[in-house]
Protein chains: 2
Amino acid sequence: MTAQTAGRDRITLDADTPDTVRLGVEQARAIGERALKRIGYPDDEARIIVDQLVDNALCGYRFAGLPRILAIAGDEKTKQARRPVRIVHETPCSALLDGGNNVGYIAAYRGAEVAIRKARVNGMASVGVYDSYYSGRNAYFVDKIVREGLVAFHVASARPRVLPLGGARPALGTNPICVGFPSESGPVIVDMGTAALMWGDVMLHAHLGEPLPEGIGFDEAGRPTRDAGAALRGGVVPFGGYKGYALSFAVQALGLLAGAAIPRGQVQDYGFLFWVVDPKVMLPDGGFESRMSELVRRIKATPRQPGVDEIRIPSERASRERERRREEGIVIERKVIEALEAL
Amino acid sequence: MTAQTAGRDRITLDADTPDTVRLGVEQARAIGERALKRIGYPDDEARIIVDQLVDNALCGYRFAGLPRILAIAGDEKTKQARRPVRIVHETPCSALLDGGNNVGYIAAYRGAEVAIRKARVNGMASVGVYDSYYSGRNAYFVDKIVREGLVAFHVASARPRVLPLGGARPALGTNPICVGFPSESGPVIVDMGTAALMWGDVMLHAHLGEPLPEGIGFDEAGRPTRDAGAALRGGVVPFGGYKGYALSFAVQALGLLAGAAIPRGQVQDYGFLFWVVDPKVMLPDGGFESRMSELVRRIKATPRQPGVDEIRIPSERASRERERRREEGIVIERKVIEALEAL
């Protein structure tokens, strides 16, 4: 298993075996930060990256955890020069950040910080970040914003991996959409890719030699394929037919608003956009959080189909798993730790 | 065919028959405005409603055109008292509007006007509208905003028609999402419901006695059904599985930000939300429109699957049809005009 397989949902690793180690949160953090510092990240950036990776592992996104450090270390962009993330343009309610070729874990984090600061003062904010790459789990940034009592909308455009409807070549990124809301019992977050399968999941299928589900993958000549390796050189379709295509298109366009085309003149490139609104500027009675909790309660109380135990709310599973693993610890493969210590 | 069937995409009526009349835009406007004034709408509101209905007809949304006036006339809410739409709370970048039980064609239009005004001054705006109902085609409002050079995100929550994943009863509205962008050749707009089938299309199936596609409809007891009439008393599933469910959930929550729960204390109710951003506050070089056009060109230039004539961009078909029908006129059933004249 390589760290390249990061991103697959719900592949949890909870059983202790001779090949695994169970780590407390602080132990996992220390291992991750040491590894990142060895490959040149300063203390504060190592801390920011590891905070997300540990949170991803706690929430059950196994390959989005510490193994990602191996992927960061091996990434071509990581080996290129980077400059500090900086604001290149701003108004009271907006900011544009040059990501300085920093990995998205850092660049999007800085964007989220600016968005929080501006939304607190002005009631809302639009913040874009360009010249960056892989930012990990969008819900991590949105969770951070929502914990400040704010509503957050966050999209990330990327380089082409996804075929437009009727197309034989990728023209859109995997283009995730994330929207988060404060409630009386914490953040409630919708986080989804607009591709039919996460790119990390295509990588995982290729690594394991498993066939892709029918109708998802296309090879580099644009022919349908169930061979995940061939799809890695081609692309995948959007989820949900023309509606998913339309959403993916919208995210690519919102990436332009975040400056995606600035560093390389390419309109199909990375752009991280945050729109943040303080619910108090909308609802003078301050009742957003209680209404959000009531909406969650009402949807969960919907009569169920036979055999369905529970109506699930977006992010509910991840929140529960985070609480559980904070107690039980994170299970990591011994060879991942060895690889991290050898960086 | 009743006016209740409004909303079905792409059902165009272009052939002249003994049962149809072909109208120029001004003729269609005059018939619509006369009918609305007869049922009590003042001049300016009649003009606003008809402007959308005629635009919908021009764009090829046949049942979203003048026949909707018959539906408005017959709606229970139209018969209840209405108050002028008014701003009940505002900050420099936000506003909350009490829709005063006015039909959404009017209330959302007023919301869009306020959003444009505030975004022009402050660079961005968040505007919510509550205590309203059916607002028609969201792309109409977004088109209006985008023609001012602004980027617009618009969602509309509604009363339950859509089953949550695993549910046996509706708990979510049909909850459309609309995002629009200015380009060098005019607005480019993504407009989609998060239900697997538009509610107007379920009505149309029921009216025509046609079975629904498999797996979409559920009756009032929560059992799967292909009987559209039974689904009207039950509900439909979201599009695209759990991702569509998650998006529908997000729209319902964004409706709360627009004040959906204020008039009746119900968290599952109508709320129209507009987020509008002036691209100039994000991109100091003012290059958004040209980049947007470049994105459209690049996606359209994607190599195609065998048998595919063209890669379509969202809203491209509607824009073309609008241009064509401006010349050729709108074809309307004679009995619809008779019914309008008899109001």
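**Considering the overall build of chain A**
So, point 1. Within chain A, the secondary structure is distributed over 13 helices and 12 strands.
So, point 2. Taken across its 343 residues, chain A has 61% of its residues classed as buried.
So, point 3. Of the contacts formed within chain A by residues at least 6 apart in sequence, a portion of 67% connects residues at least 24 apart.
So, point 4. Distance between charge centres in chain A, computed from 45 positive and 42 negative side chains, equals 2 Å.

**Quick look at the domain arrangement of chain A**
By a widespread convention, an interface's size corresponds to the accessible area lost as its parts come together.
All names here are of chain A.
So, point 1. By domain assignment, chain A separates into domain 1 (1-74 + 315-343) and domain 2 (85-196 + 237-301).
So, point 2. Summarising the inter-unit geometry, the C-alpha centres of domain 1 and domain 2 are found 24 Å apart.
So, point 3. At the interface, 19 residues of domain 1 touch 19 residues of domain 2.
So, point 4. At the boundary of domain 1 with domain 2, total buried surface from both sides reaches about 1,500 Å², with 49% on carbon and sulfur atoms.
So, point 5. Counting across the domain 1 and domain 2 interface gives 4 salt bridges.
So, point 6. For Asp55, the salt bridge identified is with Arg137, shortest N-O distance 3.1 Å.
So, point 7. Summed over the shared surface of domain 1 and domain 2, the result is 9 residue pairs in polar contact (both at pLDDT 80 or more).
So, point 8. Counting residues per element, the ones that place at least two in the side of domain 1 that touches domain 2 are helix H2 (43-58), helix H3 (68-74) and helix H12 (316-328).
So, point 9. Grouping the amino acids of the side of domain 1 that touches domain 2 by side-chain chemistry returns 8 nonpolar, 3 polar and 8 charged.

**Describing helix H11 (residues 288-300) of chain A**
So, point 1. Taking 1.5 Å per residue as the helical rise, H11(A) with its 13 residues ought to reach 18 Å, and the 18 Å between its terminal C-alpha atoms agrees with that figure.
So, point 2. Taken together, the buried positions of H11(A) are A:Phe288, A:Arg291, A:Met292, A:Ser293, A:Leu295, A:Val296 and A:Ile299.
So, point 3. In the core, the buried residues of H11(A) are packed alongside strand E5 (151-157), strand E6 (177-181), strand E7 (188-192) and helix H10 (279-282) of chain A together with helix H9 (241-257) of chain B.

**Here's the deal with the sheet that holds E5(A)**
All names here are of chain A.
So, point 1. One open sheet holds the 7 strands; their spatial order is E2-E3-E4-E11-E5-E6-E7, and the pairing between them is mixed. Among the strands making up the open sheet, the edge pair consists of strand E2 (86-91) and E7. Strand-to-strand twist of the sheet, defined as the mean angle between neighbouring strand axes without regard to direction, takes the value 15°.
So, point 2. Bridging between strand E4 (residues 124-133) and strand E11 (residues 271-277) involves 7 bridges; their strand directions are antiparallel.

**Concerning the relation of the copies chain B and chain A**
So, point 1. It takes a turn of 180° to lay chain B on chain A, together with a shift of 0.0 Å along the axis; the resulting RMSD is 0.0 Å. This pairing of chains is accounted for by a two-fold axis. Taking C-alpha positions as the reference, the residue of chain B nearest the rotation axis is B:Gly240, at 2.2 Å.
So, point 2. The share of interface residues of chain B whose copies in chain A are also at the interface is 100%, consistent with both copies meeting through the same surface.

**Thoughts on the side chain of A:Thr194**
So, point 1. Among the structural elements, A:Thr194 can be located in the loop between E7 and helix H7 (199-208).
So, point 2. Of note is the side chain of A:Thr194, whose polar atom sits 2.9 Å from the backbone oxygen of A:Asn175.

**Comments concerning the pairing of strand E12 (residues 330-333) of chain A**
Every regular strand shows the same layout, with side chains that alternate between the two sheet faces.
Residues and elements named next belong to chain A.
So, point 1. Residues Ile330 and Ile332 point to one face of E12 and Val331 and Glu333 to the other, with burial holding for every one of them.
So, point 2. Examined bridge by bridge, strand E1 (residues 20-23) and E12 share 4 bridges and lie antiparallel to one another. The residue of E12 that forms the bridge with Val21 is Ile332.

**Focus: empty space enclosed by the protein**
So, point 1. Taken as a whole and assessed by the stated rule, the structure comprises 2 cavities of 30 Å³ or more.
So, point 2. Taken as a whole, the second largest cavity encloses approximately 110 Å³ of empty space.
So, point 3. If you list the elements that add at least two residues to the lining of the second largest cavity, you get E6 and helix H9 (241-257) of chain A together with strand E5 (151-157), strand E6 (177-181) and H9 of chain B.
So, point 4. Residues that form the lining of the second largest cavity fall into these classes: 15 nonpolar, no polar and no charged.

Cut-offs applied
Residues numbered from 1 in each chain as written. Chains lettered and ligands numbered in written order. Predicted model: local features only at pLDDT ≥ 70, side-chain atom pairs only at ≥ 80, totals over all residues. Heavy atoms only, no water. Helix = DSSP H or I, 4+ residues; strand = E, 2+ residues; numbered from the N terminus. Buried < 20%, exposed > 50% of the residue type's maximum accessible area, 1.4 Å probe, protein only. Contact = heavy atoms within 4.5 Å. Lys, Arg positive; Asp, Glu negative; His and termini not counted. Charge placed at Lys NZ, Arg CZ, Asp CG, Glu CD. Domains from an automatic or database assignment. Buried area = accessible area lost by both parts, 1.4 Å probe. Salt bridge = Lys/Arg side-chain N within 4 Å of Asp/Glu carboxyl O. Polar contact = N/O pair within 3.5 Å; in protein donor to acceptor, adjacent residues only side chain to side chain. Nonpolar A, V, L, I, M, F, W, Y, C, P; charged D, E, K, R; others polar. Expected span 1.5 Å × (residues − 1). Pairing = 2+ DSSP bridges. Axes fitted to C-alpha atoms, helices over the stretch in contact; angles between N-to-C directions. Least-squares fit on C-alpha atoms with pLDDT ≥ 70 in both. 1 Å grid on protein atoms, 1.4 Å probe; cavity = no way out; pocket = protein on both sides within 12 Å on 5 of 7 lines; lining within 4 Å. Points joined across faces, edges and corners; volume = space filled by probe spheres on them.

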